[in-house]
Amino acid sequence: MPVFSPGGAVTNPHPSPPAAPTAEGPDDATGFALYGSRFQREPAEVYRRIRQEHGQVAPVVLEGDAPAWLVLGYREVWQVTSNPQLFGRDSRRWHSWDRVAADWSLRPYAEHQPCSFHVEGEEHQRRAGATGDALAAVDQFQLRSEVERIADGLIDEFAGRGEADLIAQYALRLPVLVIAGLLGLPESDAPALARDIAASADEGEEAVRAHQRVVARMQRLVAEKREGPGDDVPSRLLAHPAGLPHDEIPTDLFLIMGAGQLTTADWLGNTLRLMLTDDRFALNLSGGRRSIGQALNEVLWEDTPTQNFVGRWATRDTELGGRRIRKGDMVVLGLAAANTDPQVRPQTDPEALGNQAHMSFSHGEHGCPQAAREVAEVIAETGVEVLLDRLPDVTLAVAADDLVWRPSVWMRGLIALPVRFTPAPVRGHAG
């Protein structure tokens, strides 16, 4: 059984000998429909039910009637992400491409593309290394200062009104403005990019069109940076000694923009929700509150922005969690379910939430790069700090139970977070 260490590592992550594998596969009628409105309000309860009925690895059907295995167990997610030779990222192995439509909403994320997201082995190390280097070159002190500037500018827009929607007016706007700056994009591009990135993570035909619009903007951006390079991520990728093909860089930029924008926006929004609805984070008589860092980490355990991740594909017949996995089967990483796996994190364990051994950034060589995590954390943490500094008496304007989650099985974020506060003066920061 995995043991959480004080530093956030997990020791002995290998599962105990599994039960005899069962013969059913993800094509069975027993597959749970992993889409629709039932995930909106209580996804943790849905994962609990799936685990109770099917165990740590469950047959599911994705939007578009695509068969897959959902991996809910912490140890099993660790096993999949630690073994890229057995569970690869190249989706051309999938045996069910003929079962999904050309406009399948998950196609932009599942279909093989020449980018660090999908390639494997040495090619992945080369591409991911270049992306990591380009992000690691971001000055963290300058980044924090820029986040503060943009956050102040956004707050200035509603500070004098005494009310706001912290999702539409703040959480969704702050990350995309910051990331646009890192990519050398004008701030005027941010609103349309934010809308399209959010739409690309939902279900339906519009998800494909939104993805295409973002990639098209990244293609134009690369062309612009070839003509006039600057101190930004695409210019660093173009000049990197790895020699990335210029026509393939836009897809990597989409991943930086897409993954960074929506996940960070949801991390920020979910943390604000926690601090506004949980008495542990309310101001006490001495004017203090539990730390923002505690709230950010608790959200990664309990309401992680990335709920489920597509995916991995079995390179050969194998066994996982007592299930027989066939060569070419799709495996979906149930990151949120793994974080609440009772076998490794009992609900009675108060120490778990203070640990950073969650699976919210996935794991292994295809997990979220460390440099990207650091950028996201600076944006989310600084965003919360500036808001609470500017609006210290901010309170929720509706009952906590009336808050509505966005209908996505992949992401976990609120549609709106209406608040009230004492009107505050404008500071005049540009944003």
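Residues numbered from 1 in each chain as written. Predicted model: local features only at pLDDT ≥ 70, side-chain atom pairs only at ≥ 80, totals over all residues. Heavy atoms only, no water.

Caption draft 1: Structural context of the sheet that holds strand β12 (residues 395-396). Taken together, three strands build an open sheet; the order of strands is β7-β13-β12 and the sheet is antiparallel. Edge positions in the sheet fall to β7 (163-165) and β12, since each has one partner strand and no second. As judged from the two bridges shared by β12 and strand β13 (residues 418-420), these two strands associate in the antiparallel manner. Across the sheet, Leu396 pairs through a bridge with Val419, a residue of β13. (Pairing = 2+ DSSP bridges. Helix = DSSP H or I, 4+ residues; strand = E, 2+ residues; numbered from the N terminus.)

Caption draft 2: Examining the pattern of salt bridges more closely. Across all of its chains, the model carries 28 salt bridges by this definition. With a closest N to O distance of 3.5 Å, Arg144 and Glu381 form a salt bridge. Of the two residues, Arg144 is situated in helix α5 (residues 140-156) and Glu381 in helix α14 (residues 370-390); the sequence distance between them amounts to 237 residues. With a relative accessible area of 26%, Arg144 lands in the partly exposed category. Residue Arg144 is joined to Glu385 by a salt bridge in which the shortest nitrogen-to-oxygen separation is 3.8 Å. Of this pair, Arg144 sits in helix α5 while Glu385 sits in helix α14, and the two are 241 residues apart along the sequence. We classify Glu385 as partly exposed; its relative accessible area is 33%. Within this structure, Glu123, Arg126, Arg127, Glu248 and Asp252 form a network of salt bridges that share partners. (Salt bridge = Lys/Arg side-chain N within 4 Å of Asp/Glu carboxyl O. Buried < 20%, exposed > 50% of the residue type's maximum accessible area, 1.4 Å probe, protein only.)

Caption draft 3: Inspection of the pairing of strand β5 (residues 66-71) at higher detail. With respect to burial, β5 is a largely interior element, six of its six residues being buried. Side chains Ala66, Ala68 and Leu70 project from β5 onto one buried face, and the interleaved Pro67, Trp69 and Val71 project onto a second face that is buried too. Both strand β4 (residues 57-62) and β5 contribute to a ladder of six bridges, which runs antiparallel. The residue bridging Val57 from the neighbouring strand is Val71, located in β5.

Caption draft 4: Up close: the packing of aromatic side chains. Per the counting criterion, the structure on display carries five aromatic pairs. Relative to Trp97, the ring of Trp94 lies with its centre 5.0 Å away and its plane at 75 degrees, an arrangement referred to as edge-to-face. Look at Trp94 and you get buried, because its relative accessible area is 4%. Ring geometry for Trp97 and Trp104: centres 6.0 Å apart, planes at 80 degrees, overall edge-to-face. (Phe/Tyr/Trp six-rings, centres within 6.5 Å; stacked < 30°, edge-to-face > 60°.)

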